[in-house]
Amino acid sequence: MPEAPADLPVLNPATEELLATVHAATPEEVDRAVRRATAAQHRWAALAPADRARLLRRFAAVVDTHVEELARLEVAEAGHTLGNARWEAGNVRELLEYAAGGVERLTGRQIPVAGGIDVTFLEPLGVVAVIAPWNFPLPIAGWGSAPALAAGNAVILKPAETTPLTALRLAELALEAGLPDGLFQVLPGTGPGAGEDLVRHPGVRKVVFTGSARTGKRVMALCAEQVKPVTLELGGKSPNLVFADADLAAAAASAPMSFLDNAGQDCCARTRVLVERPVYDEFLALVEPALRAVVVGDPADPGTQMGPLISARQRERVDSYVGPDLDVVRGNAPEGPGFWYPPTLVLGARPEDPVAVEEVFGPVAVVLPFDGEEEGVRLANATPYGLSGSVWTRDGARALRVARGIAAGNLSVNSHSSVRYQTPFGGYGESGLGRELGPDALAAFTETKNVFISTEG
Ligand code: NAD
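Residues numbered from 1 in each chain as written. Predicted model: local features only at pLDDT ≥ 70, side-chain atom pairs only at ≥ 80, totals over all residues. Heavy atoms only, no water.

Novice: Before we go on, may I ask you to explain the UniProt feature "active site" (unreviewed entry) in the protein in this structure?
Specialist: Residues given the UniProt feature "active site" (unreviewed entry) here are Glu233. Structurally, Glu233 can be placed in strand β9 (residues 230-233). Judged by relative accessible area, Glu233 falls into the buried class, the value being 1%. Non-local contacts of Glu233, meaning those with residues more than four positions away in its chain, are made with Phe209, Thr210, Gly211, Leu387, Phe425, Gly426, Gly427, Ser431, Gly434 and Glu436. (UniProt positions renumbered as here; feature names shortened; annotations may be inferred. Helix = DSSP H or I, 4+ residues; strand = E, 2+ residues; numbered from the N terminus. Buried < 20%, exposed > 50% of the residue type's maximum accessible area, 1.4 Å probe, protein only. Contact = heavy atoms within 4.5 Å.)

Encoded structure:
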């Protein structure tokens, strides 16, 4: 008999207090969950589309009445600032509402052909596994689950080991809203345990994975064995290109939070600040006080801009990138318990140094000078990733040229915005595969079936 997986301790990263101990799913429990999900999915797909839409809207409404509770739970288990956590809980409601609007609009096509009528149907895949990371437990749970459910699938969500509590609460709210039993299940567990058991299970017909590139590659290889569709949202090392003609005050004022939001544990964090050489010194003079002014502390205090890292392990990992030989500008961080790390700008790194190329996933960014548009774009593209990026310039033609030239899925001009539920999101290169969110989100959870009906004879 293989040993049962150990329970998962859930810590408050701002205090290191134990919040809960959560049972980790065994292989038998994973198998049982997939069977329940399969049965629930058949019933769900047979419902009238209007009824499925109504139930999802009801789920959204129940989430809406629990936004504050979910937000407080996110603050406690993930260390997110209260403002962010409220937005994140509200985002789950928005995702459900948006997906509910798609249920009755998930139309196929009628294609002109000779000798008959040709129509396509967008049919649900069956059971979808959503494997979520710890950096945005609530929104990422919603990104995969809401459109998958709306397209007629069942969902099994495996939250990250360190952040299962909001997901478990969402599953309770789904039942309260009247979603069929077994349709939306949450199975906490380890990655190599319940995570891999789900990916390998033949009853799971699609995997939506968000996390590290390393694990994403493994998940993709496992999916290949069963020719199972997979969406991957992996890491990033996104550039923030500041041209000499930019509104420098605005670019410098916004640069710190563009990589410090969520303590830098954000796949879209603009962690490579590339500044055109003529304004490099001026930019530094503006950005340094902005960095030092960022309020780091108790995430439950509404005035806090940055909380702790998720774990001691993550803090060690982040610190390993900032060697003693590097020139750094540091902001503040509290002393005492909690996984704190100060906002950090690294100056004088070489473009090929690990801190300038690899995803640090903490409040650390490098500042590098560049000469001219061509070199700026070349440096922007000099990582294996391609998730996001920002371009700061007053020249509209250049803004478009550079945005088109950067090999990344989500660009913003004179802004650092990346994610909206209405627009597609995903990466180039090692940042991932496939797109989530936006108008096509539901279609990603369907098979296209083509049917030809002869009108002859
Ligand atoms: P991870 O990729 O190991 O874990 C993400 C999720 O995958 C978790 O739910 C985990 O339990 C699960 N998982 C792990 N191994 C698995 C496997 N073999 N099969 C199926 N599921 C598995 O990430 P991590 O260890 O939590 O973080 C490490 C680094 O990953 C971070 O420092 C950061 O660089 C990156 N990361 C990126 C994102 C992102 O949004 N792109 C999110 C989290 C982490």
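Novice: Would you take a moment to explain empty space enclosed by the protein for this structure?
Specialist: Taking a probe equal in size to a water molecule and rolling it over the atoms shows the remaining empty space. Tallying each qualifying case throughout the model produces 6 cavities of 30 Å³ or more. Taken as a whole, the largest cavity encloses approximately 70 Å³ of empty space. As for the largest cavity, its lining consists of Phe59, Val92, Leu95, Leu96, Ala141, Gly142, Ser145, Ala146, Leu149, Leu170 and Phe184. Of all the secondary-structure elements, those providing two or more residues to the lining of the largest cavity are α4 (82-103) and α5 (137-150). Considering every element that reaches the lining of the largest cavity, the biggest residue donor is α5, with 5 residues. Taken together, the residues that form the lining of the largest cavity break down as 9 nonpolar, 2 polar and no charged. (1 Å grid on protein atoms, 1.4 Å probe; cavity = no way out; pocket = protein on both sides within 12 Å on 5 of 7 lines; lining within 4 Å. Points joined across faces, edges and corners; volume = space filled by probe spheres on them. Nonpolar A, V, L, I, M, F, W, Y, C, P; charged D, E, K, R; others polar.)

Novice: Help me understand the UniProt feature "domain: Aldehyde dehydrogenase" (unreviewed entry) in the protein, please; the structure alone is not making it clear to me.
Specialist: In the numbering used here, UniProt assigns the feature "domain: Aldehyde dehydrogenase" (unreviewed entry) to residues 7-451. Between the C-alpha atoms that bound residues 7-451 the distance is 49 Å, and the span itself is 40% helix and 20% strand.

Novice: Can you help me understand the domain arrangement of the protein in this one?
Specialist: Interfaces are frequently sized by the accessible area removed from exposure as the parts join. The domain boundaries assigned to the protein delineate domain 1 (8-234 + 431-453) and domain 2 (239-420). A separation of 30 Å is found between the C-alpha centroids of domain 1 and domain 2. Listed by partner, the interface residues are 26 residues for domain 1 and 27 residues for domain 2. Of the roughly 2,100 Å² buried between domain 1 and domain 2 on both sides combined, carbon and sulfur atoms contribute 63%. For the domain 1 face of the interface with domain 2, the top three residues by lost area are Pro13, Trp134 and Ser431, together amounting to 25%. Between the two partners, domain 1 and domain 2, sit 0 salt bridges. Counting across the domain 1 and domain 2 interface gives 9 residue pairs in polar contact (both at pLDDT 80 or more). Of all the secondary structure elements, the ones that give two or more residues to the side of domain 1 that touches domain 2 are α3 (67-78) and α4. Of the residues assigned to the side of domain 1 that touches domain 2, the class counts are 12 nonpolar, 9 polar and 5 charged. (Domains from an automatic or database assignment. Buried area = accessible area lost by both parts, 1.4 Å probe. Salt bridge = Lys/Arg side-chain N within 4 Å of Asp/Glu carboxyl O. Polar contact = N/O pair within 3.5 Å; in protein donor to acceptor, adjacent residues only side chain to side chain.)

Novice: Looking at this model, I keep getting lost on the packing of aromatic side chains. Mind explaining?
Specialist: In this description, an aromatic ring pair is defined by two values, namely the gap between the centres and the angle between the planes. Per the counting criterion, the structure on display carries 5 aromatic pairs. Taken together, a centroid distance of 5.1 Å and an interplanar angle of 70 degrees make the contact between Trp143 and Phe425 edge-to-face. With Trp143 in helix α5 and Phe425 in the loop between β16 (410-413) and β17 (432-433), this pair connects stretches of sequence that are 282 residues apart. A relative accessible area of 8% places Trp143 in the buried class. For Phe425, a relative accessible area of 1% corresponds to the buried category. Geometry around Phe445 places Lys206 over its ring, the cationic atom sitting 4.8 Å from the centre. (Phe/Tyr/Trp six-rings, centres within 6.5 Å; stacked < 30°, edge-to-face > 60°. Lys NZ or Arg CZ within 6 Å of the ring centre and 35° of its normal.)

Novice: I keep staring at the sheet that holds strand β5 (residues 127-131) and nothing clicks. Help me out?
Specialist: In a beta sheet, neighbouring strands are held together by backbone hydrogen bonds and run either parallel or antiparallel to one another. Judged by pairing direction, the sheet is mixed, and its 6 strands sit side by side in the order β7-β6-β5-β8-β9-β17 without closing on themselves. For this open sheet the edge positions go to β7 (184-186) and β17, each flanked by a neighbour on one side alone. Sheet topology places β9 next to β17; 2 bridges connect them, and they run antiparallel. Among the inter-strand pairings, Leu232 is bridged to a residue of β17, identified as Leu433. The sheet contacts of helix α1 (residues 27-46) involve β5, β6 (154-158), β7 and β8 (204-210), and relative to β6 the element is tilted by about 150 degrees. (Pairing = 2+ DSSP bridges. Axes fitted to C-alpha atoms, helices over the stretch in contact; angles between N-to-C directions.)

Novice: For this particular structure, what's the right way to read the nonpolar core?
Specialist: Across soluble globular proteins, nonpolar side chains have a tendency to be buried as a group. Grouped together as the largest cluster of nonpolar side chains are 76 residues, with contacts concentrated most on Phe59, Phe184 and Val207. Per-element accounting of this core gives the leading share, 8 residues, to α5. Viewed by domain, this core spans two of them, domain 1 (8-234 + 431-453) and domain 2 (239-420), each represented by three or more residues. Setting aside residues no more than four positions away along its own chain, Phe59 makes contact with Leu96, Leu170, Leu173, Ala174, Ala177, Leu179 and Phe184. By size, the runner-up hydrophobic cluster in this structure holds 55 residues, among which are Phe243, Val273, Phe339 and Phe370. (Core = buried A, V, L, I, M, F, W, Y, C linked by side-chain atoms within 4.5 Å.)

Novice: Would you mind going over the pairing of strand β4 (residues 116-124) with me for this structure?
Specialist: Consecutive side chains of a regular strand alternate in pointing toward one face of the sheet and then the other. Inspection of the sheet shows strand β3 (residues 110-113) paired to β4 by 4 bridges, in the antiparallel sense. If you follow Gln110 over to β4, its bridge partner there is Val119. As paired strands, β4 and strand β18 (residues 446-454) are joined by 9 bridges and run antiparallel to one another. Within β18, the position partnered with Thr120 by the bridge is Asn450.

Novice: Sorry if this is basic, but what is going on with the site of the ligand here?
Specialist: Near the ligand there are 27 residues, and of these Ala132, Trp134, Glu161, Ser212 and Leu234 occur at the shortest range. A distance of 3.1 Å separates an oxygen atom of the ligand from a polar side-chain atom of Thr215. For the ligand, whose free accessible area comes to 820 Å², the fraction covered by protein is 91%. Judged by its atoms lying within 2 Å of the grid points, the ligand is housed in the largest pocket. Of all the secondary structure elements, the ones that give two or more residues to the shell around the ligand are α7 (191-200), β8, α8 (213-225) and α11 (312-319). Looking at the shell around the ligand, its residues break down into 11 nonpolar, 9 polar and 7 charged. When residues are assigned to domains, the shell around the ligand turns out to be shared by domain 1 (8-234 + 431-453) and domain 2 (239-420), each giving three or more. (Near = heavy atom within 4 Å. Areas by Shrake-Rupley, 256 points an atom, 1.4 Å probe, with all protein chains shown as cover. Sits in = over half its atoms within 2 Å of the grid points.)

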